[in-house]
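Here's the letter readout for the chains.
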There are 2 protein chains.
Amino acid sequence: MLFEIALQTVIAVNKGPGGKKSVAPRFTKKSHVKLSEYLRNMATPEIEAQLAPLRTAVKEYGDLIRTLKANGAPKMDIDKAVLELKARKKKLEETEVSLAPKEASFDRLKLEDLLKRRFFYDQSFSIYGGVTGLYDFGPMGCALKANMLHEWRKHFVLEEGMLEVDCTSLTPEPVLKASGHVDRFADWMVKDVKTGECFRADHLIKNAAEKVILDKKADETMKTELRDVLARLEGFDDKDMLEVITKYNFKSPTTGNDLTPPIAFNLMFPSQIGPTGDFKAFLRPETAQGIFVNFKRLLEFNQGRLPFAAAQIGLGFRNEISPRQGLIRVREFTMCEIEHFVDPSDKSHPKFRKVSSCAMVLLSACNQMDGQSAQSITIGEAGVVANETLGYYMARTHMYLVKVGVDPRRLRFRQHLNNEMAHYAQDCWDAEILTSYGWIECVGNADRSCYDLKQHSRATNTKLVAEKKLSEPRAIDIVEALANMTILGKEFKKDAKKVNLLGTLLKALKYQKNISGPNSTCSNVHVEEITPSVIEPSFGIGRVMYAVLEHSFRQREGDEQRTFLALRPLVAPIKCSVLPISANERLNPIIEAVREELSKYDLSYRVDDSAGSIGRRYARTDEIGIPFGVTVDFESEKKPWTVTLRHAESMEQIRLDLTELGCVVSALVSERMDWTMAQQKYPRFEAKSD
Amino acid sequence: MLFEIALQTVIAVNKGPGGKKSVAPRFTKKSHVKLSEYLRNMATPEIEAQLAPLRTAVKEYGDLIRTLKANGAPKMDIDKAVLELKARKKKLEETEVSLAPKEASFDRLKLEDLLKRRFFYDQSFSIYGGVTGLYDFGPMGCALKANMLHEWRKHFVLEEGMLEVDCTSLTPEPVLKASGHVDRFADWMVKDVKTGECFRADHLIKNAAEKVILDKKADETMKTELRDVLARLEGFDDKDMLEVITKYNFKSPTTGNDLTPPIAFNLMFPSQIGPTGDFKAFLRPETAQGIFVNFKRLLEFNQGRLPFAAAQIGLGFRNEISPRQGLIRVREFTMCEIEHFVDPSDKSHPKFRKVSSCAMVLLSACNQMDGQSAQSITIGEAGVVANETLGYYMARTHMYLVKVGVDPRRLRFRQHLNNEMAHYAQDCWDAEILTSYGWIECVGNADRSCYDLKQHSRATNTKLVAEKKLSEPRAIDIVEALANMTILGKEFKKDAKKVNLLGTLLKALKYQKNISGPNSTCSNVHVEEITPSVIEPSFGIGRVMYAVLEHSFRQREGDEQRTFLALRPLVAPIKCSVLPISANERLNPIIEAVREELSKYDLSYRVDDSAGSIGRRYARTDEIGIPFGVTVDFESEKKPWTVTLRHAESMEQIRLDLTELGCVVSALVSERMDWTMAQQKYPRFEAKSD
């Protein structure tokens, strides 16, 4: 169901405010046929029949929780029901994904082989044995990432006039104490009692349970119990996990030794600043805190006005206990975060109407409790999002993700259930992307209320507030303390000025307190101080990139060994390949002219003049996602010089004058022109072999 | 002398391969007059007369060292003479800078006030009391930096087809042990014996000595001695410093307590990866090592061919003992590094002729030993640079720095003296920029030979070599060990295959060893394995940025309080301001059209519709380096809509159709058009007040 509905999203988006064309250029005829088949397969009544009982099972507990809440049942009972709800939800979701037709799945090993072999990325320090959770981006991955960040900056910072900042990774302990990270940013860990080897507790339980389930000799009752454990594991605390480890006698998988009870391990990398050793610091786990501690300066920069948004692109660090899943869970990563500061009593957004017709797939908390699948709906009609500003950013996030190459049919926004949210958050929607690892959270969109500013304000005794104009002036009585400097001077001599600060302090109080008394005067105030709410979209750019790579991975029909990446030209690491048909030196001046023509338009290109047939060289450039290819052949020599231009995805070619090349490729890359338009304008070229 | 010669550089550069125009657009008439005066002042015979004896004093020791070396004098004697040479060089240089005319100096406090007030950058975590050596970039600094990095990527990575990578900051200890950082990347530190407070030993001596020198009551002999200490301090080791501290009885400046002898403090930030606590790591002190450890993959990506260059933009970290001098010495900073791998026996560069006419100011080691000032010379004529590749990068570095706004008359390339270079380096030229802190090293250009690759190769037992085609095949005798699998199989059973690796190992040896014997065969080899040399340009982008800000800082003639930044449009944080002449709502549709027009061309802009005269608002936009300003006035309403466009540096205005605005500003920003050309094309507009 999800997928059929989602197709409408694609069309709607392409017609919507963000798109300029009715058909995105990467949907060529061939792949289009394949995709619609895929969607038809997903909507079969057979599949829906299999899912129906699971949906009912979820709804049963959704309804139960609603009833419990309505009747004011004890928190413990509700928590228990929520745990069961989540377990049933998880089973439903896994079944949904597992029923996806074979055409939808793909060979992850093949993709990983390509990415490693062509150095998109690889484990860091591999000649030293490698470090898990650390990855280096090679030329292709680095350029793809840089292009995605460049688009992000254009799409958000430039388009919205955001205040971009660049703060340090090193962060003193008191800052992260105030934000709550020192106390709460932790995972449960168990240790081998003899060797001290560490395991993430939930991973250990998962692996041990799966081993039992796959063991043909194991007891069936135990298997059923452990299946239940797996479904509930996400909600387990240390006591639940200890109970499982003890009951099933789980041991260290490497030594068979006993394990310690789960202990909290803080996920921040510790360090220290300066030589003394007593200035404790951490590498930041998110970039957001750098924005919060600069709030005052940023507000000032915005001439004291609300709302405004600040943004930051930078590194985040998390010392995962045992990272897995490639780029999905890493220890050092690039984040793009926005903190939009807004009046808590008015979270409307002036540009909301511009995105209101953007169709998105939403999976609301309510849908989740009812066992329903996600809904395709325009953000303007989606009443479930807490406020316009949050909705606006969700729509803009959707547009960005589709622009850089996420398949909109594998993208949804899932609302956090009440108990999933941080205690301070008011509403939270994760942009989740379907990959071979399942639905992966790639962007969080949260209304963080005024939690962070209040915490830093309290920790530093600094006002982090904005002034808001009152609709009408308010009359208040104030006491103004005027110091008698003659007396103060006598008493305190040169310190008298400092003592007089008392007066300043009392003045500062005048907006908050109505103090009346014999010496008070009456005054009108026109402003009040408010702590802004914060709406935060937070992107894990490495995860988005991985999803884009999966969604772009293709195999040529009829030649499944020939894989390629159909990356959007906008983000493709290299825009154009240049291939001389032969090594004959006569072609060199033309190759040189092609280079100059492409450089003039700042187009990245790669010349492949190595040995090998032209077809083999094309395959090599297709593999790394170069969307266009220029071939210089002997026909090119006739004046005026011409070249052929090849569209990698469709493998079709046109022939055009060399002097027009830069302009055409530039238009194709920036999507001002699509391949169909180029084909209409220039004669088709039939290659002898490809 | 330096400055007069350097003027020729400006002209030569503007005519040279990098420049498109004969006059850089930022040299308006007014500032031009001022600058030539400044240069004339520098060349006075009076100044030269004051410098002459200092030059002779330097030359005396330069000659002495040459003689000592020629006569094979003991190393200790040479080292002593070098120390004296450096002290004399330093005195000469400081006098040169101090004799610069007043027009050349500027009010650093005024600039710093501007940069802080308009949030270009500020100390990090200031609401928590701040951390020395850590800075956050606000919207203006962040955009300036992002634009400088974007230009860097275009100028180097794209233009030269470099392989850009993006490696992690977290680096395991063994990697930095191999590179030499664990053992040698340290500064000398002394501690207060009672409180444990730490001081950088050379800073402590400098401050204490300066205090004595300024003390009117202090002994004159002691003052003379301490002046000598100051001149030599840079070359001091721990023993020299201990001697000074003991002799002059220097104490802790905060408590007056005794100090420990100098101890080495490693400047890398320590951390650890994973939960066990025994995986020691550091934050990288430079990005270069990430490239070296990926050498094999990069060579493969380049299809095994030399030469090629890899580049990286990323963070570096140095745990300075007591950082000072604002952005010049910080603990976390952005670096841009290039590692160009080349055959050690052929360091020619195919594009060298393209830059050979680039005029640069070079201060060779020889000039330094002779007490001579720097020379303006084209890189093609400069015989002193070790090889073409190094020279090519120096010229490209020069072009980049000038492009982003470094004043070429305050830029020089200084060659390291023999004893200044790392022991593995073959030649090294620092791009130094003259700021109010003196000549600051901003870019290092070094020939690092094959040191790093060899170190990592040794540490990991991995071959880090390239294959080089021999000009003619070489006949060698090789022993090929063919295992007798029958015997091995019997003996080792299923491990036989592993044992057979012995044969593979012997095969790998065949290129290195001529082994002849009864079982050897004769074979022709066509390639040999070489460890490439590395040429490394390494940019500290924060330092370059600070220099650009100093060089761009201006005061309006006749109104010295009105300061502004004449940033190059290419890197200016915001390209255009938009100012409605009044708050009248009739102008709103035109403002909206201006916004759309500028967005269409991806031009960043800032609307200032705050209260205040237009002149005051202009001053505010000039201050943050916005090069162009659009004003919407009541004249604008006549169809077709027109606006005025103002050039901040000259304060001149033209009037043009709104539909032409984006195209014109875009051309001005990318420097395809200069202001003079714009003035010729569009009618001049005389503002009533400014």
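Here is what the cut-offs are and how they apply
Residues numbered from 1 in each chain as written. Chains lettered and ligands numbered in written order. Predicted model: local features only at pLDDT ≥ 70, side-chain atom pairs only at ≥ 80, totals over all residues. Heavy atoms only, no water. Least-squares fit on C-alpha atoms with pLDDT ≥ 70 in both. Contact = heavy atoms within 4.5 Å. Pairing = 2+ DSSP bridges. Helix = DSSP H or I, 4+ residues; strand = E, 2+ residues; numbered from the N terminus. Axes fitted to C-alpha atoms, helices over the stretch in contact; angles between N-to-C directions. Salt bridge = Lys/Arg side-chain N within 4 Å of Asp/Glu carboxyl O. Buried < 20%, exposed > 50% of the residue type's maximum accessible area, 1.4 Å probe, protein only. Polar contact = N/O pair within 3.5 Å; in protein donor to acceptor, adjacent residues only side chain to side chain. Parallel < 35°, antiparallel > 145°, perpendicular 65-115°, else oblique. Left-handed = near helix turned anticlockwise from the far one by under 90°. Nonpolar A, V, L, I, M, F, W, Y, C, P; charged D, E, K, R; others polar. Core = buried A, V, L, I, M, F, W, Y, C linked by side-chain atoms within 4.5 Å. pLDDT = per-residue confidence, 0-100. Buried area = accessible area lost by both parts, 1.4 Å probe. Expected span 1.5 Å × (residues − 1). Bend = angle between axes of the 7 residues up to and from the residue. Disulfide = S-S within 2.5 Å.

Both copies of the chain are related through a single rotation about an axis accompanied by a shift along the same axis. The two copies are related by a screw operation: chain A maps onto chain B through 180° of rotation and 0.0 Å of translation along the axis, at an RMSD of 0.1 Å. Here the two chains are linked by the operation of a two-fold rotation axis. Residues of chain A ranked by C-alpha distance from the rotation axis are headed by serine 271 of chain A, positioned 2.6 Å from it. Interface overlap between copies is the fraction of interface residues in one copy that are interface residues in the other; for chain A against chain B it reaches 100%, indicating a shared surface.

Adjacent strands of a sheet form backbone hydrogen bonds with each other and so pair up, either parallel or antiparallel. Residues and elements named next belong to chain B. Read from one edge of the open sheet, nine strands run β3-β10-β11-β19-β16-β15-β14-β12-β13, paired in mixed fashion. Unpaired on one side and paired on the other, β3 (163–165) and β13 (375–378) mark the two borders of the sheet. The mean inter-strand angle of the sheet, taken between neighbouring strand axes irrespective of direction, is 30°. Sheet topology places strand β12 (residues 359–363) next to strand β14 (residues 411–415); two bridges connect them, and they run parallel. Bridge pairing in β14 links leucine 362 to phenylalanine 413.

What follows covers the pattern of salt bridges. Residue and element names in this part refer to chain B. Under the defined criterion, the tally for this structure stands at 104 salt bridges over all chains. Residue arginine 329 pairs with glutamate 320 through a salt bridge whose shortest N-O separation is 3.4 Å. For arginine 329, a relative accessible area of 27% corresponds to the partly exposed category. According to the relative accessible area criterion, glutamate 320 is buried, its value standing at 5%.

Attention shifts here to the side chain of arginine 568 of chain B. Relative to the assigned elements, arginine 568 of chain B resides in the loop between β21 (559–565) and β22 (576–580). Within polar-contact distance, the side chain of arginine 568 of chain B engages the backbone oxygen of valine 402 of chain B at 3.4 Å.

Residue and element names in this part refer to chain A. The N-to-C vectors of helix α6 (residues 139–160) and helix α21 (residues 541–552) enclose an angle of 110°; their axes lie 11 Å apart at closest approach. In terms of axis orientation, α6 runs roughly perpendicular to α21. In this structure, α6 meets α21 at a crossing whose hand is right-handed. Within the contact between the two elements, α6 uses Gly141, Leu144, Lys145, Met148 and Leu149 and α21 uses Ile541, Val544, Met545 and Leu549. When its residues are assigned to classes, the contact of α6 with α21 shows seven nonpolar, one polar and one charged.

Another point: the nonpolar core. Counting residues in hydrophobic clusters, the biggest one holds 210 residues, and the most contacted among them are Trp152 of chain A together with Trp152 of chain B. If near-sequence neighbours (up to four positions away) are discounted, tryptophan 152 of chain B is found in contact with Val157, Ala311, Ile313, Cys336, Glu337, Ile338, Tyr400 and Phe539 of chain B.

Another point: unusual backbone geometry. Residue proline 307 of chain B is reached from leucine 306 of chain B by a cis peptide bond, and omega for that bond is -10°. For proline 307 of chain B, the position within the fold is in the loop between α13 (295–301) and β10 (308–317). Here the residue pair lysine 639 of chain B and proline 640 of chain B is connected by a cis peptide bond, since its omega of -10° sits within 30 degrees of zero. Within the fold, proline 640 of chain B resides in the loop between β24 (628–632) and β25 (642–647). Backbone geometry at aspartate 602 of chain A places phi at a positive 55°, although glycine is not the residue there. By the secondary structure assignment, aspartate 602 of chain A is in the loop between α22 (588–600) and β23 (605–607). The backbone phi angle of methionine 651 of chain B is positive, close to 65°, even though this residue is not glycine.

Moving on: the confidence of the model for chain A. Residue and element names in this part refer to chain A. When the pLDDT values of chain A are averaged, the result is 85; 86% of them are 70 or greater. Across chain A, element-level confidence peaks in strand β11 (residues 332–342) with a mean pLDDT of 98 and bottoms out in helix α1 (residues 2–15) with 29. Of the regions scoring below 50 in pLDDT, residues 1–41 engages in 70 contacts with residues more than four places distant in sequence or in other chains. Predicted confidence is poor over residues 510–517, with pLDDT under 50, and the contacts of this stretch with residues over four places away or in other chains come to 13 contacts. Taken together, the chains of this predicted complex give a pTM of 0.84 and an interface ipTM of 0.83.

Our next topic: the interface of chain A and chain B. Counting from both sides, the interface comprises 80 residues of chain A and, opposite them, 80 residues of chain B. Carbon and sulfur atoms make up 63% of the surface buried where chain A meets chain B, a total of about 6,700 Å² over both sides. Run the count over chain A and chain B and you get eight salt bridges. Scanning the region where chain A abuts chain B turns up 28 residue pairs in polar contact (both at pLDDT 80 or more). Counting residues per element, the side of chain A that touches chain B draws most heavily on α6 of chain A, which supplies nine residues. A class-by-class count of the residues in the side of chain A that touches chain B yields 39 nonpolar, 20 polar and 21 charged.

Take helix α3 (residues 45–70) of chain A next. All names here are of chain A. In this model, α3 (26 residues) spans 36 Å end to end at C-alpha, consistent with the 38 Å of a helix rising 1.5 Å per residue. The axis of α3 is deflected most strongly, by about 35°, at leucine 51, and proline proline 53 appears within four residues downstream. For α3, the complete set of buried residues consists of Ile47, Leu51, Arg55, Val58, Tyr61, Gly62, Ile65 and Leu68. At the C-terminal side of α3, glycine 72 shows a positive phi close to 65°.

Here the focus is the environment of lysine 211 of chain B. Its location among the elements puts lysine 211 of chain B in helix α9 (residues 201–214). The exposed category is assigned to lysine 211 of chain B, whose relative accessible area is 66%.

Looking now at the state of the cysteines. A full pass over the atoms with the stated rule returns zero disulfides over all chains. Free of any disulfide, cysteine 358 of chain A has its nearest cysteine sulfur in cysteine 442 of chain A, 17 Å distant. Owing to a relative accessible area of 4%, cysteine 358 of chain A belongs among the buried residues under this scheme. Take cysteine 336 of chain B: it sits in no disulfide, and the sulfur closest to it among the cysteines is that of cysteine 142 of chain A, at 12 Å. A residue is classified by how much of its surface remains accessible, and cysteine 336 of chain B, at 0% relative accessible area, is buried.

All names here are of chain A. Pairing within the open sheet is mixed, and its six strands lie in the order β23-β22-β24-β25-β26-β27. The open sheet has two edge strands, β23 and β27 (684–685), and neither has a second partner. Bridge count for strand β24 (residues 628–632) against strand β25 (residues 642–647) is four bridges, and the pairing is antiparallel. Of the residues in β25, the one forming a bridge with phenylalanine 628 is histidine 647. Here α22 sits on the sheet and contacts β22 (576–580), β23, β24 and β25; the angle it forms with β22, its principal contact strand, is near 170°.

With that settled, the discussion passes to the pairing of strand β20 (residues 553–556) of chain B. Bridging between β20 of chain B and β21 of chain B involves four bridges; their strand directions are antiparallel. Considered in β21 of chain B, the bridge of arginine 556 of chain B is made with aspartate 559 of chain B.

Let us now look at the environment of proline 172 of chain B. Following the sequence through the fold, proline 172 of chain B ends up in strand β4 (residues 170–172). Distance from proline 172 of chain B to arginine 284 of chain B, taken between C-alpha atoms, is 9.2 Å for residues 112 residues apart in sequence. Setting aside residues up to four positions removed in sequence, proline 172 of chain B forms contacts with Phe125 and Val131 of chain A together with Phe279, Lys280 and Ala281 of chain B.

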